[in-house]
Amino acid sequence: MNFSRRNFLQVMGIAGGVVALREFAGRVPMAHADPGASPGLFLLCYMRGGWDQLLALDPRDNTDPRFSEANARKTGGSGIMPAYGMVTEAATKTLLASNPSGVQRAGNLSFGPAVPTTLMDHAADLAILRGVSMETLTHEVGRRYFTTGKFPRGLAASGSSITTLVANAGGPTPLLPNLAVSTESYNEGLPSFASPTSVNSTADLQLVLKPLGKALDPKSADAIEAFQAKSDTCENHELDQNNVVTTFRELTKKSHSVAKSNAASLFQFSLTSPPAEVKTLFDALGISTAADLAGPRGRAAIAAQALAKGISQAVSVELADDLDDHDSWDTDHAPKIRTAMDALGRLITVLKNTPHKDGGSVWSKTTLLLFSDFARTPLVNTRNGRDHHLASSALVAGPKIRGNQVVGATADQLMGAQLINPGTGKVDAGGVKMRPADIHATLLTSMGIAIDPIRNQNPTVISALLK
Amino acid sequence: MKAQWFLALVPAAAIAAFACSGNGDDSLVQGSGNAPPVDHPPIQVQGTSASPRRLSTDQLRASLPIAFGKDATGAPITWKNGANPALSNPGIARSLGEPDYINTTDEALEPSVLYAKFMDDAARNICGQGLDADATRTDPAQRALLRHVDLADTVESNAAGVDANLRYLKLRFHAVKVADGDAATVAPLRELFSTVSKASTETDPKAKAREGWNAVCVALVTAPEFNLY
């Protein structure tokens, strides 16, 4: 190619135009299908490391001969080994003593032996998604794919988190519209109020919500606020491209509201003499020790307060931090699944028992998505562990989500994802793969939020999930 | 010898051949090969420039000690939460969105409520430290904040000094040069200083003035001009 100055400028012009278009598209708040309606609340729960769905959301009958170790491992065998009998956890052993299959049923749902009754009690509201094609066995990729609904660019997340989309649709009114508790969360091109506030603990939240250091004398503080409100300098105008100065001043004003609110007291999670409301929350979540507070129950408590008290529109929370059991699955995995799902079940109960200011319960306004990086292999490896597996599962719920149903399936041989009819949710050889993008599109649609941000993933709305 | 002369002439001839000629050689004016001629019409290039953004956590960490100088012990003044540098607190850094280069590699540099809140916290703390340090320095030239006033000066007792100090602070914190004698530009800050000083319940004149300067300092550090560029 004869590379000339004309060619170079033309290429740069096209590239610049693409950048400009992308920037412009990203700056416009995403359309809400019904601008007057609130999208409701959103709870994104993450279990880190890749879960064994045989113990959780996609069990198999442990007494079925197809799934014995011998038949699972032989050539042409099922390739699926629930191996519930290998699990050393006491609660699983107790269950198997009275239910050798290890499969627990609640309504139309079936769960593995590590799922506690605290979560199964909500079966009427929950939909299990099976055979979710993760298309990756890399932790970061799976996590970011399910967080944003868009397949990552290499390891880098693509797009905004679903919590950011919901926070954007809900508007800037809540103190912390988008709260990320020990999770990743992203804002790509949406207004800054929708950006995640990332915390790992209530100590972080106290840093965020309470004024730090010595307060000013109230008269000083008022005088400074009056000065800030009236300030109108040439430099302000010069800097105010894209309204960044205007936005900064509005945010400064809002930060004073945050500091003056009593929101910090809602997260005073002290085990010794907690405030009465916090004590009630602790009792509901079974928090009585420092370990409880530092673990999934403590993080669930943060999520519960943030949603129940109107602090946040969308919360993402990590409920399990280390499921990547390539070895010692038999001793380690079930307790972590149980603890995480127990925390979730209790969290749902708290939300059900908390009235919402607009009527009904907070839970009646909440859409839920529970996911992990991917699943674990249906065969146990030589180190008593399970490795990474492409076909995963998920749990969803919401005011516009039809609960008490299972959508999708994995095959009884090798546990691969099966194609489904999105209209019925049933296996259909002529159907489509169910991917995180499709689940996101379905949840966003249920909340009345346009799916433009993930449209380049060509998502399919799984209408079987929608009420 | 003839060969040497010839070889010496070759570069000279080449230079002569490529030299701009005063009589408008057409091949040079019109360009050569595929290059557009010099009278080519403008090419519309669509592009974006970087829009104003807030200071990053790292920039704040670096700039606060420069803006506020050193304390009485000679240590650089920086925002402290308790006894520790606040911007080294992982919770604060994380909440501000500082990348950890494990999960995130970018810091969103748009203003946020959290950033504004933390800057308010930082301003209250660091302005107090700056004024405390200045109070130990008898030579105004060594002070970071009160360079043109005595510690107890008011608008009534030293209007010129107060205005000079306000102009100095505008330059120091906002890089805005206010002309000597321009009273209008610093009038809002003067009013802030005066209002807060007079409203102070302190009885010591130095303490009253200190509160006024503290308010001015906080207002300057939390202003868009300090935080956006």
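Cut-offs and rules
- Residues numbered from 1 in each chain as written.
- Chains lettered and ligands numbered in written order.
- Predicted model: local features only at pLDDT ≥ 70, side-chain atom pairs only at ≥ 80, totals over all residues.
- Helix = DSSP H or I, 4+ residues; strand = E, 2+ residues; numbered from the N terminus.
- Buried ≥ 20, exposed ≤ 12 C-beta atoms within 10 Å, placed from the backbone.
- Rg over C-alpha atoms; globule rule 2.2 N^0.38 Å.
- Contact = placed C-beta atoms within 7 Å.
- Pairing = 2+ DSSP bridges.
- Axes fitted to C-alpha atoms, helices over the stretch in contact; angles between N-to-C directions.
- Domains from an automatic or database assignment.
- Expected span 1.5 Å × (residues − 1).
- Core = buried A, V, L, I, M, F, W, Y, C linked by C-beta atoms within 7 Å.
- Parallel < 35°, antiparallel > 145°, perpendicular 65-115°, else oblique.
- Left-handed = near helix turned anticlockwise from the far one by under 90°.
- pLDDT = per-residue confidence, 0-100.

Draft legend 1. Spatial organisation of the overall build of chain B. The secondary structure content of chain B amounts to nine helices and two strands. In chain B, the succession of helices and strands from N to C terminus is α-α-α-β-β-α-α-α-α-α-α. Here chain B, with 229 residues, has 37% of them falling under the buried criterion.

Draft legend 2. Just the overall build of chain A, in detail. Regarding its fold elements, chain A presents 16 helices and twelve strands. Since a compact globule built from 467 residues should have a radius of gyration of about 23 Å, the 24 Å found for chain A is in line with a globular shape. For the C-alpha atoms alone, the extent of chain A along its principal axes is close to 80 × 75 × 40 Å. When burial is assessed residue by residue, chain A has 51% of its 467 residues classed as buried. Considering only contacts in chain A between residues 6 or more positions apart, those separated by 24 or more positions represent 66%.

Draft legend 3. Seen up close, unusual backbone geometry. Residue and element names in this part refer to chain A. Positive phi, close to 60°, is recorded for S182, a residue that is not glycine. Position of S182 among the secondary structure elements: in the loop between strand 5 (178-181) and strand 6 (197-199). Among the residues examined, S182 registers 19 C-beta atoms within 10 Å and is labelled partly exposed. Its identity is not glycine, yet S273 carries a phi of approximately 50°, on the positive side. By the element assignment, S273 lies in the loop between helix 11 (263-266) and helix 12 (276-285).

Draft legend 4. The sheet that holds strand 7 (residues 314-320) of chain A, seen in detail. Residue and element names in this part refer to chain A. Read across the open sheet, the eight strands follow the order 6-5-7-1-8-11-4-12; overall the sheet is mixed. With partners counted over all chains shown, the strands left at the sheet margins are strand 6 and strand 12 (405-407), one partner each. For this sheet the average axis-to-axis angle between neighbouring strands, irrespective of direction, equals 20°. Inspection of the sheet shows strand 5 paired to strand 6 by three bridges, in the parallel sense. When the sheet's bridge partners are listed, A180 is paired in strand 6 with S198. Strands strand 1 (41-47), strand 5, strand 7 and strand 8 (366-372) of the sheet are contacted by helix 14 (residues 296-308), whose axis makes an angle of about 170° with strand 7.

Draft legend 5. Seen up close, the domain arrangement of chain A. Each domain of chain A was delimited in the assignment, giving domain 1 (30-210 + 268-465) and domain 2 (213-260). Each of domain 1 of chain A and domain 2 of chain A was reduced to a C-alpha centroid, and the two centroids are 40 Å apart.

Draft legend 6. Seen up close, helix 5 (residues 113-135) of chain B. The terminal C-alpha atoms of helix 5 of chain B, which comprises 23 residues, lie 33 Å apart, in line with the 33 Å expected from a rise of 1.5 Å per residue. Counting buried positions along helix 5 of chain B yields 20 of 23 residues, so the element is predominantly enclosed.

Draft legend 7. Structural detail: the environment of D428 of chain A. All names here are of chain A. For D428, the location among the structural elements is in the loop between strand 12 and helix 16 (436-446). Each C-alpha atom of the pair D428 and Q418 lies 7.7 Å from the other, and the pair is ten residues apart in sequence. Not counting residues up to four positions away in its chain, the partners in contact with D428 are L419, I420 and N421.

Draft legend 8. Spotlight on the nonpolar core. If you look at the biggest cluster of nonpolar residues, it comprises 176 residues, and the most contacted ones within it are A303, L344 and V396 of chain A. The greatest single-element share of this core, amounting to twelve residues, is contributed by helix 5 of chain B. Looking at which domains feed residues into this core, each of domain 1 (30-210 + 268-465) and domain 2 (213-260) of chain A gives three or more. Leaving out residues up to four positions away in the same chain, V396 of chain A has contacts with A127, L129, L368, L369, I401, I439, L443 and L465 of chain A.

Draft legend 9. Representation of the environment of E188 of chain A within the structure. Residue and element names in this part refer to chain A. By secondary structure assignment, the location of E188 is in the loop between strand 5 and strand 6. Residue classification places E188 among the partly exposed positions, given that 17 C-beta atoms sit within 10 Å. Separated by 265 residues in the primary sequence, E188 and P453 place their C-alpha atoms 9.6 Å from one another.

Draft legend 10. Molecular detail of helix 16 of chain A. Residue and element names in this part refer to chain A. Within helix 16, ten of the eleven residues are buried, which leaves the element mostly enclosed by the surrounding structure. Taken residue by residue, helix 16 has P436, A437, D438, I439, H440, A441, T442, L443, L444 and S446 as its buried positions. Buried positions along helix 16 lie against strand 4 (127-133), helix 5 (139-148), helix 6 (162-170), strand 8 and strand 11 (391-397). A positive phi of about 75° marks G448, the residue just after helix 16.

Draft legend 11. Local environment of the pairing of strand 7 of chain A. Residue and element names in this part refer to chain A. Taken across its seven residues, strand 7 has seven buried, putting it largely inside the fold. Here strand 5 runs beside strand 7; their pairing, made up of four bridges, is parallel. Each bridged residue has a counterpart across the sheet, and for N178 the counterpart in strand 7 is A314.

Draft legend 12. Main features of the packing of helix 5 of chain B against helix 8 (residues 205-221) of chain B. Residue and element names in this part refer to chain B. In contact at an axis separation of 9 Å, helix 5 and helix 8 are set at 140° when each is read in the N-to-C sense. Taken together, the axes of helix 5 and helix 8 are oblique relative to one another. Crossing angle aside, the handedness with which helix 5 passes helix 8 is right-handed. Here helix 5 contributes M119, A123, R124, C127, G128, G130 and L131 to the contact with helix 8, which in turn contributes R210, W213, N214, C217, V218 and V221.

Draft legend 13. Looking closely at the confidence of the model for chain B. When pLDDT is averaged across chain B, the result is 83; 78% of the residues are at 70 or more. Per-residue pLDDT stays below 50 along residues 14-31 of chain B; that stretch engages in eight contacts with residues further than four places along the chain or on separate chains.

Draft legend 14. Broad picture of the pairing of strand 8 of chain A. Residue and element names in this part refer to chain A. Across the seven residues of strand 8, seven count as buried, placing the element largely inside the fold. Alternating residues of strand 8 divide into T366, L368, L370 and S372 and T367, L369 and F371, and every residue in both groups is buried. Of the strand pairs in this sheet, strand 1 and strand 8 are connected by seven bridges, and their pairing is parallel. Within strand 8, the residue paired with M47 across the bridge is S372. Strand direction decides the pairing type here: strand 8 and strand 11, joined by three bridges, are antiparallel. Looking across to strand 11, one finds that L368 is bridged to A397.

Draft legend 15. Examining the confidence of the model for chain A more closely. Mean pLDDT over chain A works out to 90, with 92% of the residues at or above the 70 mark. Below pLDDT 50 for its whole length, residues 1-31 of chain A participates in 40 contacts with residues either more than four positions away or in separate chains.

Draft legend 16. Structural context of the environment of S316 of chain A. Residues and elements named next belong to chain A. Tracing the backbone shows S316 in strand 7. The buried category is assigned to S316, around which 27 C-beta atoms lie within 10 Å. As for S316 and T354, which are separated by 38 residues in sequence, their C-alpha atoms are 19 Å apart. Once residues lying within four places of it in the same chain are set aside, the contact partners of S316 are L44, Y46, S161, T163, A180, V181, T183 and S185.

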